[in-house]
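Listed below, chain by chain, are the residues.
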Amino acid sequence: MSKTNQTMSADDIEALLPWYATGTLNRDEADQVEAALAANPALARRLDLVREEMTEAILLNEALGVPSARVMENLFKAIDKERKIARAPARRGFGAWLADLLTPRAVALAAAAAVIIIMLQAGVITTLVLQDRGDAGSSFETASVPAATRGVETGSFALVRFTPQANIADISRFLDSKDAVIVDGPHPGGMYRVRVARTNVGKDELEGLVREFQSSNLVSMAVPTE
Amino acid sequence: MQVLFARHQVRVYRFVLRFVGNQAVAEDLISEVFLDVWRQADRFEGRSAVSTWLLGIARFKALSSMRRKPDEELDEETAGAIEDSSDDPEVAVQKKDKGAALRKCLQTLSPEHQEVINLVYYHEKSVEEVAEIVGIPEATVKTRMFYARKRLSELLKAAGIDRGWP
């Protein structure tokens, strides 16, 4: 970005708040925004406004639903048709390689493999977080399995999305410091359901806890949930 | 291709649906998007994220579709899906539901402002990526986002929520 490695004006920094909130700034820009936030409480308040907007924009988009299975059927019918037409003159390069992979059997196998890989990835990430906590009360394997949430059914909860820069060790330390634990996820949009208090606290206290999460640079979004 | 489709279809669909306002049209368009991707796989140079490349193609197809069918109206089911069925901003404020009022105002923004807000907040695109998808300079991306947020605050203020900014 054009302002990298230069000192940015207050206006420049304010303009970058939406990208800071979503964790899409480069390290230099993020550092400058963080320094400005630490020095200027009014700017920190405006970051809260950005996070409110982000939360509602996400909810609005999530409400749009998902495409029907018809899309995939039509797509692979069309691809199959084009493959048949193009079968005689061989394709070259990456296109040829991709086309060769798209036999109906290969597509079915790839779909099954993709689902397994994505589920394993989500499970492994969550397991790493939970194991790293070393919490005797959270001796479950993955947060996406109902049995995994044993012992954490009660309490107060929030939906939390971590920034792309946050690594497992940082997240684990952060959750430890808050006596919090991931109980479910990831859900669409990279959201995790996190128990933020062991007891069912009141609305004001829950909002305070969620604000503490939101103020962390590891968290891009946090909202109270049931 | 299957993995690519599984990973990106929902976000591309929602991006396109915001433009065309019709679920069936949006579904046809994303089929076309991924078919184009399959045809052009050897042209992808990897200079940008795959999702950015996809959204750029999707945007072009959505705008082309809208130019072909300018008078197409939303079907009722789709209108229900896109338009928030909640109260208007003033009523939402009276009910002290700030989030609902904010969502309502987001939907009242101009298409250009909605687009940049969605690309930044929902699709988590950087300044450079938004510039690539929309085809405008990076400085314009920042300005457009700023004015979109400013307009949002104005709409909220008109609905009775003064956020104290700008």
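Computed from a predicted model, the values in this text were never measured in an experiment.

**Q** Report on the overall build of chain A, specifying residues and quantitative values.
**A** Of regular secondary structure, chain A possesses nine helices and four strands. By residue count, 43% of the 226 residues in chain A fall in the buried class. Expressed as a percentage of contacts within chain A between residues at least 6 apart in sequence, the contacts between residues at least 24 apart total 65%.

**Q** Describe empty space enclosed by the protein, and please don't skip the residues or the numbers.
**A** Under the definition given, this model contains one cavity of 30 Å³ or more. In this structure, the largest cavity is lined by Ala57(A), Leu60(A), Arg18(B), Leu106(B), Leu109(B), Gln114(B), Ile117(B) and Asn118(B). Broken down by secondary-structure element, the contributors of at least two residues to the lining of the largest cavity are helix H4 (41-62) of chain A together with helix H7 (111-122) of chain B. At three residues, H7(B) tops the list of elements feeding residues into the lining of the largest cavity. Considered class by class, the residues forming the lining of the largest cavity number five nonpolar, two polar and one charged.

**Q** A description of the packing of aromatic side chains should follow, citing residues and the corresponding values.
**A** Residues and elements named next belong to chain A. Enumeration according to the criterion identifies seven aromatic pairs over all chains in this entry. Here the aromatic rings of Phe-162 and Tyr-192 are separated by 6.1 Å at their centres, their planes lie at 55°, and the arrangement is tilted. Taken together, the positions of Phe-162 in strand E1 (residues 156-162) and Tyr-192 in strand E3 (residues 191-197) put the pair 30 residues apart, joining distant regions of the chain. With a centroid separation of 5.1 Å and 80° between ring planes, the pair formed by Phe-174 and Phe-213 is classed as edge-to-face. With Phe-174 in helix H8 (residues 168-177) and Phe-213 in helix H9 (residues 203-214), this pair connects stretches of sequence that are 39 residues apart.

**Q** How would you explain the sheet that holds strand E4 (residues 219-225) of chain A if you had to name every residue and give the values?
**A** All names here are of chain A. The antiparallel open sheet is built from four strands, whose spatial order is E2-E3-E1-E4. Each of the sheet's edge strands pairs with one partner strand only, and the pair in question is strand E2 (181-187) and E4. Along the sheet, successive strands turn relative to each other by an average axial angle of 25°, direction set aside. With six bridges connecting them, E1 and E3 associate as antiparallel partners. Considered in E3, the bridge of Val-160 is made with Tyr-192. The sheet strands contacting H4 are E1 and E4, and the helix crosses E4 at an angle near 70°.

Rules and cut-offs
Residues numbered from 1 in each chain as written. Chains lettered and ligands numbered in written order. Predicted model: local features only at pLDDT ≥ 70, side-chain atom pairs only at ≥ 80, totals over all residues. Heavy atoms only, no water. Helix = DSSP H or I, 4+ residues; strand = E, 2+ residues; numbered from the N terminus. Buried < 20%, exposed > 50% of the residue type's maximum accessible area, 1.4 Å probe, protein only. Contact = heavy atoms within 4.5 Å. 1 Å grid on protein atoms, 1.4 Å probe; cavity = no way out; pocket = protein on both sides within 12 Å on 5 of 7 lines; lining within 4 Å. Points joined across faces, edges and corners; volume = space filled by probe spheres on them. Nonpolar A, V, L, I, M, F, W, Y, C, P; charged D, E, K, R; others polar. Phe/Tyr/Trp six-rings, centres within 6.5 Å; stacked < 30°, edge-to-face > 60°. Pairing = 2+ DSSP bridges. Axes fitted to C-alpha atoms, helices over the stretch in contact; angles between N-to-C directions.

Keep in mind that these numbers describe shape and distance, not what the molecule does.
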